Amino acid sequence: MSSFPASLLDVERQPGGPPMLWAETKGDATNWVGEHRDALRAAVAQHGSLLVRGLGLRDAPGAGAVFHRLADGLLSERESFAPRRKYADGVYSSTKWPPHQQMCMHHELSYTLTFPGLMMFACLTAPESGGATGVADAAAVLKALPRKLVKRFEKEGWLLTRSYNEEIGAPWREAFGTEDRAEVERYCRANAISFAWQPDDGLRTSQRRSAVVRHPVTGERCWFNQVAFLNEWTMDPDVHEYLVGDYGVEGLPFNTRFGGGDPIGKDIVELLTALYEEHTAREPWQAGDLLLVDNVRTAHSRDPFEGPREVLVAMADAVQLADCKPTIEVTAR
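In what follows, the accompanying structure is described. Model, not experiment: these values are computed from the prediction.

### Some words on the packing of aromatic side chains
- Here the structure, examined in full by the defined rule, presents 8 aromatic pairs.
- Measuring from centroid to centroid gives 5.0 Å for Trp172 and Trp197, while their planes differ by 75°, and the two rings are edge-to-face. Residue Trp172 is found in helix 7 (residues 172-176), and its partner Trp197 is found in strand 10 (residues 194-197); the two are separated by 25 residues along the sequence.
- Pairwise contacts between aromatic rings join Trp97, Phe229 and Phe254 into one cluster.
- Directly above the ring of Trp197 sits Arg181, whose terminal nitrogen or CZ lies 4.3 Å from the centroid.
- Against the face of Phe305 rests Arg309, its NZ or CZ located 5.5 Å from the ring centre.

As structure tokens, then:
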């Protein structure tokens, strides 16, 4: 018989929405989360994600305290693709992304060799409309993909190319957290990233990763990547036209290809986006909400929104790509 409180086992499952739990904190969210940490984490392991409502999270210190109760340590972000505000060590704003643009489904830092196993989101201010953080079952998405396409990605992996400069995206100093070129080079070599410095103090990189991995605990096969999200065809058309005109395709802040270097066609990106949408569960944010996501088993997104929106993010439970049975070999240099 489970030792968890009965109320925590009563996770609501509504069609089209994520698993949801109502908290009874009596005004002390931090202690409540600490007392029920094991049950909350067990629910995430069972369902892949969990929206906890009723915590009443109101500010960054309070959200940070809850994050720390749920995880033994928070991770620092490296190789960011867009700016974030840092509230405290391991506590960040959500990615600064135009409110009117969709953030496609993705797995956080799936292009790195060490990535978070657990994502934590705390809503301090809910937008007037839109802005939900959607979730999608990565194993279900993988099963829905055409087998021929999956086989190709299993054989080749996917390639992420990036162009860092001071005008678009995250500059390399911010993305790597240093002013020292030599330190950036050491990081790239240690993390199997090819790099080339540009005459304008820019940096171009490329890294090949597996698109399909196995969950480090359950062994379940998951579609785990940012193939669609960081592809040129999911950019706003006007932004894409401007960037290609000014920087060329090779100078885009980010783009994805098949692991062998071939372009990923617009039709494939549209297929991925459509399948993600078919498997998406979403619930409008309410101020005070906490969303927990298994980052390997579950992809997440962000809908366009209107009005102020403040959602804090923390990452925890570091996972090594090598422990997920990647389909391609990646060797640090």
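### Side note on the sheet that holds strand 5 (residues 103-106)
- The 4 strands are arranged 5-17-8-15 in an open sheet whose pairing can be described as antiparallel. The open sheet has two edge strands with one neighbour each: strand 5 and strand 15 (280-281).
- Bridge count for strand 8 (residues 135-137) against strand 15 is 2 bridges, and the pairing is antiparallel. Across the sheet, the residue bridging to Val135 is Ala281, located in strand 15.

What counts and how
- Along each chain, numbering runs from 1 in the same order as the chain's sequence is written.
- Whole-chain, interface and lining totals are the exception, using all residues; otherwise, since this is a predicted model, local features are given only for residues with pLDDT of at least 70 and side-chain atom pairs are given and counted only at 80 or more.
- The basis for every side-chain value is the complete set of non-hydrogen atoms in the structure, without hydrogens or water.
- Working definition: a ring pair exists when centres of Phe, Tyr or Trp rings (six-membered ring for Trp) sit within 6.5 Å. Plane angles under 30 degrees give stacked, over 60 give edge-to-face, the rest tilted.
- Helix and strand assignments come from DSSP, with helices taken as H or I runs of at least 4 residues and strands as E runs of at least 2, each series counted from the N terminus.
- By definition, being over a ring means that NZ of Lys or CZ of Arg is both within 6 Å of the ring centre and within 35 degrees of the ring normal.
- Paired strands are those between which DSSP finds at least two bridges.

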